[in-house]
Amino acid sequence: MKILILSDIHANLTALQAVLESAPSFDQVWCLGDIVGYGPDPNECIQIIQKLPHLTCLAGNHDLAATGEISTLHFNYTAQKSVLWTQSTLTPENMLFLKGLQPLQMLPQAALVHGSLQDPVWEYIIDRFSAKMAFEPLNTPYCFCGHSHYPLFFQQEENDHITYQLIKGNQTCKASEKIIFNPGSVGQPRDKNPQSSFAIFCPEEQTIALHRINYNISAVQKRIIDAGLPVSLAERLSLGA
Ligand code: ZN
């Protein structure tokens, strides 16, 4: 069994297509939320995602803001502008698809969450302290989360000590103990590496392979600017920030 894990696509169709073309074969897909927001292709990304095989899909804070389920009060100015643009661009069918998503899903072997188990919409699992809080309620061997846009691997050892690593480049992690894994962002990486990020989880082999791939960033930047979205959203894609 191979599971493709995607997160934080952020309406970046070019990155999503590049990921699906370069991903090794997979049987299932887990999408950890934020399909839309920031990027210029929300409808196209939803249409591709919903057709993926054996899909489990979460809502992220940007998806919930697009549907009006959460307020944009805690979004910065740029994010608010992109929420308004996304709301005016989404088709009724795609809006309905987003409305059917939740930010947390408990599967038998893994907790899937956009943010954290305590706060599935907003909290970032980003350091040892937030990981410690997140391990406490975890009663499955694995937790996969998104939201931070950083590929991160946390492991809780038998003495409760937590180790963690920002994964740089392509790397396969051995996942034999309690772990929390963030596959990074497909459409808006923030770890100073502009390459698109995704992971393949193999439960039988207890491995999670992180993949980084190039995509045509300038094509997306042009569509962001043509759509009238803030220029900073285009600029950050080439910085990976
Ligand atoms: Zn996001």
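In the block above lies the structure referred to throughout.
Small disclaimer: the values here were computed from a predicted structure and weren't measured.

Draft legend 1. Representation of the overall build of the protein in the model. Across its full length, the protein carries 8 helices and 12 strands. Relative to the globule expectation of 18 Å for 241 residues, the C-alpha radius of gyration of the protein, 17 Å, shows essentially globular dimensions. Projected onto the principal axes, the alpha-carbon positions of the protein cover approximately 50 × 35 × 30 Å. For the protein, with 241 residues in total, the buried portion stands at 57%. Carbon and sulfur atoms make up 53% of the accessible area of the protein, which totals about 10100 Å². Side chains of the protein carry 15 positive and 22 negative charges; the gap between the two charge centres is 5 Å.

Draft legend 2. Examining helix H5 (residues 92-99) more closely. Of the residues making up H5, those classed as buried are Asn94, Met95, Phe97 and Leu98. Down the axis of H5, the buried side of the element spans an arc of 155 degrees, and every buried residue falls inside it. Across from the buried face of H5, at angles greater than 90 degrees, the exposed residues are Pro92, Glu93 and Leu96. Buried residues in H5 make contact with helix H2 (42-50), strand S3 (55-57), helix H3 (61-66) and helix H4 (77-89).

Draft legend 3. The arrangement of unusual backbone geometry in detail. We note that His10 has phi near 50 degrees; this positive angle belongs to a residue other than glycine. Note that His10 resides in the loop between strand S1 (3-6) and helix H1 (13-22). With a phi close to 75 degrees, Tyr38 is a non-glycine residue in the positive phi region.

Draft legend 4. Highlighting the layout of surface pockets. Counted as a void, the largest pocket has a volume near 200 Å³. Lining the largest pocket are 16 residues, and of these Tyr38, Asn61, His62, Tyr124 and Arg190 lie nearest its centre. Each residue belonging to the lining of the largest pocket can be placed in one class, and the counts come to 5 nonpolar, 7 polar and 4 charged.

Draft legend 5. Examining the coordination of the zinc ion more closely. Asp8 (OD), His10 (NE2), Asp34 (OD) and His149 (NE2) make up the full set of protein donors to the zinc ion, lying at 2.1 to 2.3 Å. If you look at the zinc ion, its 4 donor atoms make angles of 86 to 176 degrees with each other, and the shape they trace is irregular. Going along the chain, you hit the donors of the zinc ion in the pattern D-x1-H-x23-D-x114-H. In this pair, His10 sits in the loop between S1 and H1 while His149 sits in the loop between strand S6 (142-145) and strand S7 (151-156), placing the two residues 139 residues apart along the sequence. Pair check on accessibility: His10 and His149 agree, each one buried.

Scoring rules and cut-offs
Starting from 1, residues in each chain are numbered consecutively following that chain's sequence as written. Local features in a predicted model are, by the rule used here, given only for residues with pLDDT of at least 70; side-chain atom pairs are given and counted only at 80 or more, and totals for whole chains, interfaces and linings are based on all residues. Hydrogen atoms and water are omitted, and side-chain values are computed over all heavy atoms in the structure. Here a helix means four or more residues in a row that DSSP labels H or I, a strand means two or more in a row labelled E, and each is numbered from the N terminus. It is over C-alpha atoms that the radius of gyration is taken, and the globule rule equals 2.2 Å times the number of residues to the power 0.38. Exposure classes here rest on a 1.4 Å probe applied to the protein chains alone. A residue is buried below 20% of its type maximum, exposed above 50%, and partly exposed in between. Each accessible area is a Shrake-Rupley result for a 1.4 Å probe, and residues are judged covered by the shown protein chains and nothing else. In this tally, Lys and Arg are treated as positive and Asp and Glu as negative; His is ignored, and so are the chain termini. For the purpose of locating charges, the reference atoms are NZ of Lys, CZ of Arg, CG of Asp and CD of Glu. Directions are taken from the helix axis to each C-beta atom, and the arc is the one they span. A contact between two residues is defined here by any heavy atoms of the two lying within 4.5 Å. Here a cavity denotes grid points, spaced 1 Å and computed from the protein atoms alone, that fit a 1.4 Å probe unable to get out, and a pocket denotes an open set having protein on both sides within 12 Å along at least 5 of 7 lines; residues with an atom within 4 Å of a point are the lining. Grid points are joined across faces, edges and corners, and a volume is the space filled by probe spheres set on the points. Here the nonpolar group is Ala, Val, Leu, Ile, Met, Phe, Trp, Tyr, Cys and Pro; Asp, Glu, Lys and Arg are the charged ones; every other residue, Gly included, is treated as polar. With water omitted from the atoms examined, metal sites may look incomplete; donors here are N, O and S atoms no farther than 2.8 Å from the metal, or 3.2 Å in the case of Na, K and Ca. For a four-donor site, all angles between 85 and 135 degrees give tetrahedral; for four or six donors, opposite pairs above 155 degrees with the remaining angles between 65 and 115 give square planar or octahedral; all remaining cases count as irregular.

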